Structures are given as C-alpha cells and as structure tokens.
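Overview (structure and organization)
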Amino acid sequence: MSTNKKEKKKSSYEAKKGTKRSRMGCLRWMLWLIHYILDSLVDFIFKFIYDDANRKLLIPVKHSFLVESATGLAEKIRNKELSSEKLVQACIDRIVEVNADLNCVVDSRFQEALAEARGVDQFLESTSLSVDELRRDKPFLGVPFTSKESTHASGMKNTFGLVSRRDCKATVDAEIVVRVKAGGGILLAITNVPELNLWQETRNNVYGQTNNPFNVNRTAGGSSGGEAVAIAACASPFGIGTDIGGSARMPGFFCGIYGHKPTTGLISTRGMTFRTGQEKEKTMVTAGPMTRYAADIIPFLKLLVGDNVSKLKLDNKVDMASVRLSYVVEPGDLRVSAVTKEMRSIILQAVTHLEQQCGSQAHQLNLPGFRYSYTLWRYWMSKEPGNFAFDLGNKKHEVSWLMELPKMLMGQSQHTLPAMLKLLETAVFPPVPAKWAEEETTKLREALIEELGDDGVLIFPSHPTPAHHHYVPFFRPYNFAYWAIINVLHFPATQVPLGLSRDGLPLGLQVVATPYNDHLCIAVAKELENGLIVTCLLVLLSHITYN
C-alpha cells in the first residue's frame, strides 16, 4: 500500500512537472511570435525610410595592392617589391576618397606617417638584417595601421565621443599601440567610436555617424565601427580593436572582416579609454586584431599579447582531423531576435564543410545558459571597474538621467540617447541577482569546457541578422548578446566573414574555443577562408571596390 502511494505521488509530481514544462514551452513560443511580429514590422518601416535600391557605391580602388593582406604587404616591403612610402600614400589617398561617405577616420597623422615610411625604405636600403630576421622581429615593418579613437595614441584626438573632451588629445600611446609600432607598424589615423564605446552603432555628438561600406544606409556596428569600416573599405590594411561585448567582432561581422577576441587577461588595458592597466577588478575587456585576412591574425596577436605569448599555442600546427566540432544554431535568448534563415544556412554550410575536413560529425549543443546571454553580460558589466555616470561626466561629475533627459528632449544635451538609456537602465532596472548570475555563468563555462576540452571548437551565431539599418538597434537593443556571452565566459573567439546575403550584406559566424586555445579558433577560420569561402572573399572585395 505504501509503495503504491509513493508511486502515485511520484507520478503526480512528474505530471505536474510535465505540465509546467509544457506551459513554459507555450509561453516561450508566444514570446517568440510577438518578437517576430515586432521585428517584421520594424523591418517593413525602415525599408520605407531608407532606399537601399539607390544606395551610393564607393569609389573603386586604384591600386590593386590595397586589397592584399597586411603580412603580404610587409613581405613585399621587405623584399623591396613595394615601398612603404607608396603604400602609405595609397592608403592616405583611399581615406580621402571614401571618408566623406563613410566617416570612419576622425583624426590623422598623414605627414608624420609618410616621413616614417620614408625612414623604413631608407633603413631597408642599408640594413644588414636578413629578410627572415626582419620577418621575425618586425612582422609589419612599413605597413600602415589604424586604431580606434578611444585608444590613446600620442598627439591624436582622444575624446571617446564625449563633447566635454572635444579638445582632448592623448599624450602617450596605449600599450597596444606601442606594441604594434614596435612590430614595425606605422600609425596612420584613428577611427570613430560610439560615445564612451557604448552602443551597437558608431555615432557620437563629436564626429557624427559612421556608415557601412557595403551600404551606407546600414550600421557599421560598434564600438570599433570606424576601425572595421576603414579596413573593409581598403583604407587600412589592419587595425586594433577592443572588445567588451562584441566591440571588435560585431563591426567585423557587419563589415565583412575578421575580428579576434583573445583569451581574456593576456593584453594590457593601459590606455583604453580611462583604464590604467592597474585596475584590481577583473574585466571582460580585451584588445584584439581586426584584419581582412585570417593569415594576419596570429602575427598581429603575438604583438598584442607580448610576453604572455607563451601562454598561447600560436605556433602549434593544427591538424584539422583532430579537431572536434560542436555547434549552436539558435541559442534561445528570448530578448534577442530569432536567427534568420540565411544566418542558419551559413552556419550549417560551415559545419558541413568542417565535418568533411575533420572526418567526424559535429555535435549540436542546446545549453540552457545561452538563454541568459544578455542578462549574464549585464551582471558582469556591473562588476567592471569605473562608474558609467561619472565617466560620462569625464570623471568630473556624475551625469544624472533625471537632469539630462529634459535637455535631450529639447535638443540641448551633449550626450547621445544610448548613453541616456544606459543611465536609465542602471537607475531603474533591478540588479541581476548575484548568486544566480555567478552560478549560471559557472555552469555554462564548465559545460563548455567539458564539451570542447583543448581540442574542440564551437561554431556559434554572430548575430540574428546581417547589418541592419541605422537606428534599428533602439528597437532591438539586446541583439548583440551572442557576442557578449563570449566576453562573459572569457573565451577566445574569431569572427569569420562568410560571403554575402541576398541584400549584398556580409554574413558570418563565430568560432569559439576554451581559454588559451586561440590557435584552434584561428585555424578553423583559415580553413573556412581557404576551403569554403575563397570565392566569397573575392566577392566581398569586388563588391566594395569595383561596383
């Protein structure tokens, strides 16, 4: 009798549990449907606001070498097949040609860069160093590069997009700028950012809005948006990005280039906005390479990590047959728009190609932690060093949304709407429960480490859609979450471009690995570039340069 009661009680409990799951499933489906309808409505409205059919196309590139890789250009300079001065002048000319339409470069040092380039050419005429020695010690000798305005570069504007800092210039180089210069790179210009690097679009009240080179009606992403645009438009061979919530990978995706977020904690943060590099708090932010070609990532990354390069395995040759594959098509965060058919298709094409190369079947993951991507990122952002309201006041006073919002409504505020929304969120929204967030982060991190180990990669969506029209993020403020969750985990990830959508906009995905396995991400990115999308890459370049 007692056993029967226990069985009935257990059966009743399981039935209730099943009913609860069914109700939650229905609720999730209803929320997804509402989100889908709203997204469709927003797309419909913005197609009327912007006339994509008659969008302006960029001026064609005049010098074919501008579409080459940074490492390839460095090799030509070392072998005296191309002078550094000619390359720098060509990049300057390209910036002048496209910047009126794209607004990516906001300050420049053209004459100084030309003088440094002539110095490189003279050095190569007299040096006794071999080509191999030059390649090892100064891998980017004579190649110009760009960096975002919020990263300190001596003598260059350093406003972070704040009107109160309009006249500020950096007095010293950030550590990452120092390292790229030490590797032979010539700083050419600095590029646009959102206000305080916060938003999914590159727009501020100092320099204005940056436009996507594939379609000026579309976003370039943020916060390294100006950087991605300059590289994609062949105005800069390579550049330094920073990434705290997808800030290098997001514009990399929208603009059809590579963005690599390294394993967190390996690169000095000195000179990134207000950071000194001495902060005691843990951070999600890191600098990372932004390039047109996968081959440029490793030599660039070696410069950025400096002495920490020994913690990575960048010189290890990766045998694709030994790489295990996992993938996610729809992470499931209901705050985020559904992944479109085109984006799903490109992920599955990449997985199929990699399965053929690796000789094993990929494992599709469905981890509950991904459903909280934005919420977990929001929690860990609250643990970052600094005070946003105080930083917004240029560390002289705290900006109050109650005081600032009326000014904004009257068109008298110095600040952007995204900054106000961030202040409002901090003041009004309840904080994310710490215990829950830390437990969920640990569970997701441990589950992925167990799944991937030291020989596996995760193919993961970059974004639900290709680059959207300007201002759409105000209606979809959480869509960056699938980049941001990787920052939460402190994992490395490479943003890989994968051709064009039916609207002529870049597609792509992320390749993710466990900490210190950046080499796996980059190896898979190279495989996709070489084996799957070599023709797509040519389409990307021709779309920008020759239409």
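All of the points below concern the structure found in this document. (Residues numbered from 1 in each chain as written. Predicted model: local features only at pLDDT ≥ 70, side-chain atom pairs only at ≥ 80, totals over all residues. Heavy atoms only, no water.)

Okay, a nonpolar patch on the surface next. Taken together, the side chains of Trp 29, Met 30, Trp 32, Tyr 36 and Ile 37 define a hydrophobic patch exposed on the protein surface, amounting to about 580 Å² of accessible area. Within the element layout of this structure, Ile 37 appears in helix α1 (residues 2–49). (Patch = residues over 30% accessible without salt bridge, like charges linked within 9 Å, V, L, I, M, F, W, Y side chains within 5 Å. Areas by Shrake-Rupley, 256 points an atom, 1.4 Å probe, with all protein chains shown as cover. Salt bridge = Lys/Arg side-chain N within 4 Å of Asp/Glu carboxyl O. Helix = DSSP H or I, 4+ residues; strand = E, 2+ residues; numbered from the N terminus.)

It is worth spelling out the pattern of salt bridges at this point. Taken as a whole and assessed by the stated rule, the structure comprises 28 salt bridges. Close ionic contact of Asp 39 with Arg 476 constitutes a salt bridge, the shortest N to O distance being 3.1 Å. Within this pair, whereas Asp 39 is found in helix α1, its partner Arg 476 is found in the loop between β11 (456–461) and α16 (481–489), the two being separated by 437 residues in sequence. The structure contains a network of salt bridges with shared partners spanning Glu 75, Arg 78, Asp 132 and Arg 135.

With six of six residues buried, strand β8 (residues 286–291) is to be regarded as a mostly interior element. Note: strand β7 (residues 258–261) against β8, two bridges, orientation antiparallel. Paired with Gly 259 across the two strands is Met 290, which belongs to β8. (Buried < 20%, exposed > 50% of the residue type's maximum accessible area, 1.4 Å probe, protein only. Pairing = 2+ DSSP bridges.)

Take a probe with the size of a water molecule and roll it over the atoms, and the empty space left behind shows itself. Empty space within the second largest pocket amounts to approximately 670 Å³. Around the second largest pocket, the lining is made up of 26 residues, and of these Asp 43, Thr 340, Thr 465, Arg 476 and Arg 502 lie nearest the centre. (1 Å grid on protein atoms, 1.4 Å probe; cavity = no way out; pocket = protein on both sides within 12 Å on 5 of 7 lines; lining within 4 Å. Points joined across faces, edges and corners; volume = space filled by probe spheres on them.)

So, on to the packing of helix α13 (residues 401–409) against helix α14 (residues 417–428). Closest axis-to-axis distance for the α13/α14 pair is 10 Å, and the angle between their directions is 145°. Handedness of the crossing formed by α13 with α14: left-handed. Here α13 contributes Trp 401, Glu 404, Leu 405 and Met 408 to the contact with α14, which in turn contributes Leu 417, Met 420, Leu 423, Leu 424, Ala 427 and Val 428. Among the residues making up the contact of α13 with α14, the classes are represented as nine nonpolar, no polar and one charged. (Axes fitted to C-alpha atoms, helices over the stretch in contact; angles between N-to-C directions. Left-handed = near helix turned anticlockwise from the far one by under 90°. Contact = heavy atoms within 4.5 Å. Nonpolar A, V, L, I, M, F, W, Y, C, P; charged D, E, K, R; others polar.)

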